[in-house]
Amino acid sequence: MIRLVTLDTLERETLDKLCRIVFQAYGLGCELAGELQVPKEALKGDSVDATVLLERAPAVKSFADDKILYVTTRPFLNRELPSGKAPTPGLSQYGGERAVVSTHGLPGGEALLKRLAKQVIHDIGHLWDLHHCLDPRCAMYAPWAPSFSTGEPILCTFCREKSEQRIRMAKT
Ligand SMILES: [Zn+2]
Ligand SMILES: [Zn+2]
């Protein structure tokens, strides 16, 4: 189960649709777990330090193999990336439990859902140890590549199978 926690107010309809896309990608239930506050330590002015947030965000009721996805509308502080210092819309604890995504800087309207879902699938993938993928159509493709902001929020066959394997392992 993936538990989706909002840190600011987001449209319910978008969140429901987001959950459905995540379910399609991973074959796992996704549930809205409520709204929480960004922990004070993670706030830097109007921005959020995503690393601190993942460490300090309050937990929600979850079970051993659950993953928690936090969603915020605030911008993240810039991070060092292979492409230089840049804001990133997502961060996850590799092989861990928590991921966070920001809608800041993503397109609005109809395009938001697709772009946000792609980021969410990407960061949840890292929670199951998925690495970046070489298939530019896959949501696990390097997110700093310009083509990442277009295309469908889906996994390639290889990443889908790998994630299924990891999910099965987590359950045993
Ligand atoms: Zn990544
Ligand atoms: Zn892939």
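The coordinates are above.
Note that residues are indexed from 1 along each chain, following the sequence as it is written. Following the order in which they are written, the chains are lettered starting with A and the ligands numbered starting with 1. Thresholds applied to this predicted model are a pLDDT of at least 70 for local features of residues and 80 or more for the giving and counting of side-chain atom pairs; totals over whole chains, interfaces and linings are not thresholded and use all residues. Hydrogens and water are ignored here; the side-chain numbers use all heavy atoms of the structure.

Asker: Summarise the environment of V52; cite the residues concerned and give the values.
Answerer: The way it works is that DSSP assigns letters per residue, a run of H or I at least four long becomes a helix, a run of E at least two long becomes a strand, and they are numbered from the N terminus. Relative to the elements of secondary structure, V52 occurs in helix α2 (residues 50–56). Between the alpha carbons of V52 and P39 there is a distance of 8.7 Å; along the sequence they are 13 residues apart.

Asker: I'd like to hear about the sheet that holds strand β8 (residues 90–92), residue by residue, with values.
Answerer: Across a sheet, paired strands are connected by hydrogen bonds in the backbone, their directions being either parallel or antiparallel. Any two strands between which DSSP finds at least two bridges are classified as paired. If you walk across this open sheet you meet the five strands as β2-β1-β5-β9-β8, and the pairing is mixed. Edge positions in the sheet fall to β2 (30–35) and β8, since each of these pairs with one other strand and no more. Strand-to-strand twist in this sheet, taken as the mean axis angle between neighbours without regard to direction, amounts to 20°. Note that β8 and strand β9 (residues 98–102) share three bridges and pair antiparallel. Within the sheet, the bridge partner assigned to G90 lies in β9 and is V101. Throughout, a contact is declared for two residues whenever any of their heavy atoms are within 4.5 Å. Fitted lines through C-alpha atoms give the axes, limited to the stretch in contact for helices. The angle between two N-to-C directions lies from 0 to 180 degrees. This element, helix α1 (residues 12–26), spans β1 (2–6) and β2 of the sheet and lies at about 145° to β2. Here helix α3 (residues 110–127) sits on the sheet and contacts β1, β5 (67–72), β8 and β9; the angle it forms with β9, its principal contact strand, is near 160°.

Asker: If you had to explain the coordination of the zinc ion (ligand 2) to someone new, which residues and values would you point to?
Answerer: When a metal holds four donors in a tetrahedron, each ideal angle between them is 109.5 degrees; when it holds six in an octahedron, the ideal angles are 90 or 180 degrees. In this description, a donor is an N, O or S atom within 2.8 Å of the metal centre, a cutoff extended to 3.2 Å for sodium, potassium and calcium. Water is not part of the atom list, which can make sites seem incomplete. Looking at the metal site, the zinc ion (ligand 2) is ligated by C133 (SG), C138 (SG), C156 (SG) and C159 (SG), spaced 2.3 Å from it. Each donor residue of the zinc ion (ligand 2) lies on one chain, and together they are spaced C-x4-C-x17-C-x2-C. When its relative accessible area of 11% is taken as the criterion, C133 is described as buried. Buried means the residue's accessible area, taken with a 1.4 Å probe over protein chains only, is under 20% of the maximum for its type, while exposed means over 50%, and partly exposed covers the values in between.

Asker: Just give me the short version of the coordination of the zinc ion (ligand 1), but keep the residues and values in it.
Answerer: Taken together, H122 (NE2), H126 (NE2) and H132 (NE2) make up the protein donors of the zinc ion (ligand 1), found 2.0 to 2.1 Å from the metal. Of note, the zinc ion (ligand 1) draws all its donor residues from one chain, in the sequence arrangement H-x3-H-x5-H. Of the two residues, H122 sits in helix α3 while H132 sits in the loop between α3 and α4 (157–171), which places them ten residues apart along the sequence. Classification of H122 as buried rests on a relative accessible area of 2%. Residue H132 is classed as partly exposed on the basis of its relative accessible area of 34%.

Asker: Please give an account of the pairing of β9 that cites residues and values.
Answerer: β9 sits mainly inside the fold: five of its five residues count as buried. Burial along β9 is two-sided: the residues R98, V100 and S102 and A99 and V101 are all buried. Pairing of β5 with β9, which is carried by five bridges, proceeds in the parallel orientation. In the sheet register, Y70 faces β9, and the bridge partner there is V100. Remark: five residues form the turn of the hairpin made by β8 and β9, two consecutive strands paired antiparallel; G95 in that turn has positive phi of roughly 70°.

Asker: Which residues make up α4, and what values go with them?
Answerer: Compared with the 21 Å implied by 1.5 Å per residue over 15 residues, the 21 Å span of α4 between its first and last C-alpha is a close match. Of all the residues in α4, the buried ones are C159, K162, S163 and I167. Taken around the axis of α4, the buried residues stretch over an arc of 135°, which confines them to a single face. More than 90 degrees from the buried face of α4, the exposed residues found are T157, F158, R168, M169 and K171. Tucked into the core, α4 has its buried residues touching α1. Helix span, expected: 1.5 Å multiplied by one less than the number of residues in the helix. Each direction from the helix axis to a C-beta atom contributes to the arc, which is the arc of those directions.

Asker: Could you give an account of the packing of aromatic side chains, with specific residues and numbers?
Answerer: How two aromatic rings sit relative to each other is given by the distance of their centres and the angle of their planes. Each aromatic pair joins two rings of Phe, Tyr and Trp (for Trp, the six-membered one) with centres within 6.5 Å, and gets the label stacked for planes under 30 degrees apart, edge-to-face for over 60, and tilted for any other angle. Going through the model one piece at a time under the given rule, you end up with one aromatic pair. Relative to W128, the ring of Y26 has its centre 5.2 Å away and its plane inclined at 50°; by these criteria the two rings are tilted. In this pair, Y26 sits in helix α1 while W128 sits in the loop between α3 and α4, placing the two residues 102 residues apart along the sequence. The burial state of Y26 is the same as that of W128; both residues are buried.

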